[in-house]
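# Coordinates in review
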Amino acid sequence: MKFMKRWRWWALLPLPLAIIVLQSFGPDGWAEPLTRLLWLSWAGVVLAATHLATKALHDYADGATAWREAMAGNMAAAIAFLGRCILGGLIFASLMPYARGDVLTDVPPRAYQLMPVVQQQIEATWPQIPMRSYVPALIEQETCPSPQHRGCFSASARLKTAREEGAGPGQLTRAWDASGRERFDALAEVKALDPQGLRELDWQSVYVRADLGVRAILVKTRDCHQRLGRQAPHMSAWDLTSMCDAAYNGGLGGLLGERRLCAMAEGCDPDQWFGHVELHSLKSTVKWQGYGKSAREINREHVDMAMRVRRPKYVALIGD
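I will try to describe carefully the structure that is included in this document. All values reported here derive from a predicted model rather than from experimental measurement.

### Let's talk about the overall build of the chain
Of regular secondary structure, the chain possesses 13 helices and four strands. Looking at the chain as a whole, 39% of its 320 residues are labelled buried. A separation of at least 24 residues holds for 57% of the contacts in the chain among residues at least 6 apart in sequence. Looking at the chain as shown, the accessible area adds up to about 18,200 Å², and 60% of this sits on carbon and sulfur atoms.

Next up, the structure:
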C-alpha cells in the first residue's frame, strides 16, 4: 500500500470523492454531484477518443520512447513529446463541448434570430445601457431550459401553472392567491413605466410581439438602474446590473431590504452583490412545489447564471 502514502493518490481520488459526498448534503441533494459525475464520465470517454486520435495521427511515433529520451536529456525528444501533448490537448478541448452537450456556453440557434430585435430595442429604448450583453443573457435564463426548447428566445415562451403565468422573452409574470385573487401583474407594472412605448402590450400581444417583450425588459431594468443609481451613484455597472437582475427575478422591494440587511452586517458592502448582498437574503428557504428550489435559491441562481455563466458568450454578438 505504498501508493497510499503519496499525495497524488489522495488528490486524485479520495479527496474529490469526499468533496462530492459533502456536496450531496446541499439543498439539491445528489442531483448536482451526479450531474458532475456524468460530465466526468464523458470526459473519460473523450480522453480515450483523444488518445486513439493522437495514435492514429502519429502511428509512427512512440510516446513512451519520447518521454524516456526527454527525461534522459534529449531535447529533440522533449520537443516531440511536448508537441504530442499539445495536439492531444487541442483534440480533447474541441471534443468536450460535443460530449457534454453544454447548454451554457453555446448560443441557442434562435438567439441569432432575435438579436436584431434586441439591438433595435436597445437603441430605441436605452442606448446608454451599461451592459448590453446582459439582455440576451436574461432572455436565455428566462426562456431556455435547453438551447433547442421551443420557447427559447421566443415571444411565445410561456410558463403556466394554476397560480402563475409567465409570458414572452422576459417572462413577465402575473400570479394569483389560493382564492383566485390576483397578487400582482408585472406586465401592468412595467407598462405603467412606459405608457406610450408599451401602449400595445397586453396579455395577448406579449405572446406574438417580441419587440414589446424586449422593450419591457429594458424599461423594467432601466427603472431599477435609475432608482439604485440615485441611492448609490458610485456603484459599478457590474454590481448595479447584478442587483437589478436580482430585482428582476425577486422584486425591487426585496432587493432594497436585502441591501439594508447587508449594510447592518459587519464587513458587508451593500454596493456589491457577489460575496456581499447575495449572502443576506430575506427570501423564503422553503422549496416551492413544482420547482424543487426555494425562492432564495432561485433568486441567487438567477443572478449567477445570467451574469457569470450566460452573459459572456453574448459580448461578441452584441457588445459588453
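From this point, the narrative continues.
### Description of the state of the cysteines
What the rule picks out here adds up to three disulfides. With its sulfur 2.2 Å from that of its partner, C224 forms a disulfide with C244. Measuring the twist about the S-S bond at about -95°, one finds the C224-C244 disulfide to be left-handed. Here the residue C224 occupies a position in helix 9 (residues 210-231), and C244 occupies one in helix 10 (residues 237-250), the gap between them amounting to 20 residues. The same class applies to C224 and to C244, which are both buried.

### Points about the pairing of strand 3 (residues 172-176)
Burial of strand 3 is extensive: five of the five residues sit out of reach of the surface. Neither face of strand 3 is open: one carries L172, R174 and W176, the other T173 and A175, and all of them are buried. What sits between strand 2 (residues 164-167) and strand 3 in their antiparallel hairpin is a turn of four residues, with G168 showing a positive phi close to 80°. Where strand 3 and strand 4 (residues 182-185) come together, three bridges link them in antiparallel fashion. Along strand 4, the bridge assignment pairs W176 with E182. Between strand 3 and strand 4, which pair antiparallel in sequence order, lie five residues; one of them, G180, sits at a positive phi of approximately 95°.

### Considering helix 8 (residues 186-193)
Every α-helix carries 3.6 residues per turn, so stepping three or four residues along brings you back to the same face. Turning to helix 8, its buried residues number three or more, namely A186, L187 and V190. Viewed along the axis of helix 8, the buried residues span an arc of 100°, placing them on a single side of the element. Considering only its buried residues, helix 8 is in contact with strand 3, strand 4 and helix 9. Its side-chain oxygen 3.0 Å from the backbone nitrogen of L187, D185 forms the N-cap of helix 8.

### Examining the packing of aromatic side chains
A ring pair, where both rings are aromatic, is described by two values, the distance of the centres and the angle of the planes. Applying the stated rule across the entire model yields three aromatic pairs. The ring of Y248 carries K220 above its face, with NZ or CZ at 4.5 Å from the centroid. Between R308 and the ring centre of F274, over which it is positioned, the NZ or CZ distance is 3.8 Å.

### What to know about helix 7 (residues 134-143)
Counting buried positions along helix 7 yields nine of 10 residues, so the element is predominantly enclosed. Residues of helix 7 that are buried: Y134, V135, P136, A137, L138, I139, E140, Q141 and T143. Residues of helix 7 that are buried make contact with helix 6 (109-125), helix 9, helix 10, helix 12 (295-310) and helix 13 (315-318).

### A few points about unusual backbone geometry
You will see that F153, though not glycine, has its phi angle at about 55°, which is positive. Here F153 shows up in the loop between helix 7 and strand 1 (158-160). With relative accessibility at 5%, the residue F153 sits in the buried group. For Q171, which is not glycine, the phi dihedral falls at a positive 50°. Residue placement: Q171 occurs in the loop between strand 2 and strand 3.

### Structural notes on the sheet that holds strand 3
In space, the four strands of this open sheet follow the order 1-2-3-4, with antiparallel pairing throughout. Single-partner strands in this sheet number two, and they are strand 1 and strand 4. Direction aside, neighbouring strands of the sheet carry axes that sit 5° apart on average. Strands in contact with helix 8 are strand 3 and strand 4; relative to strand 4, the strand with the most contacts, it is inclined by about 40°.

### Overview of the nonpolar core
Formed by 57 residues in total, the largest nonpolar core has its most connected members in V118, L201 and L255. When contributions to this core are tallied by element, the ones reaching two or more residues are helix 6, helix 7, helix 8, helix 9, helix 10, helix 11 (252-264) and helix 12. Broken down by element, the residue count for this core peaks at nine residues, all from helix 9. Discounting chain neighbours no more than four positions away, the residues touching L201 are L172, L187, V190, K191, V206, L212 and A216.

### A closer look at the environment of R150
Mapped onto the elements, R150 comes out in the loop between helix 7 and strand 1. Remark: the alpha-carbon pair of R150 and R110, spanning 40 residues in sequence, is separated by 9.4 Å.

The rules behind each value
- Residues numbered from 1 in each chain as written.
- Predicted model: local features only at pLDDT ≥ 70, side-chain atom pairs only at ≥ 80, totals over all residues.
- Heavy atoms only, no water.
- Helix = DSSP H or I, 4+ residues; strand = E, 2+ residues; numbered from the N terminus.
- Buried < 20%, exposed > 50% of the residue type's maximum accessible area, 1.4 Å probe, protein only.
- Contact = heavy atoms within 4.5 Å.
- Areas by Shrake-Rupley, 256 points an atom, 1.4 Å probe, with all protein chains shown as cover.
- Disulfide = S-S within 2.5 Å.
- Pairing = 2+ DSSP bridges.
- Arc of directions from axis to C-beta.
- Polar contact = N/O pair within 3.5 Å; in protein donor to acceptor, adjacent residues only side chain to side chain.
- Phe/Tyr/Trp six-rings, centres within 6.5 Å; stacked < 30°, edge-to-face > 60°.
- Lys NZ or Arg CZ within 6 Å of the ring centre and 35° of its normal.
- Axes fitted to C-alpha atoms, helices over the stretch in contact; angles between N-to-C directions.
- Core = buried A, V, L, I, M, F, W, Y, C linked by side-chain atoms within 4.5 Å.

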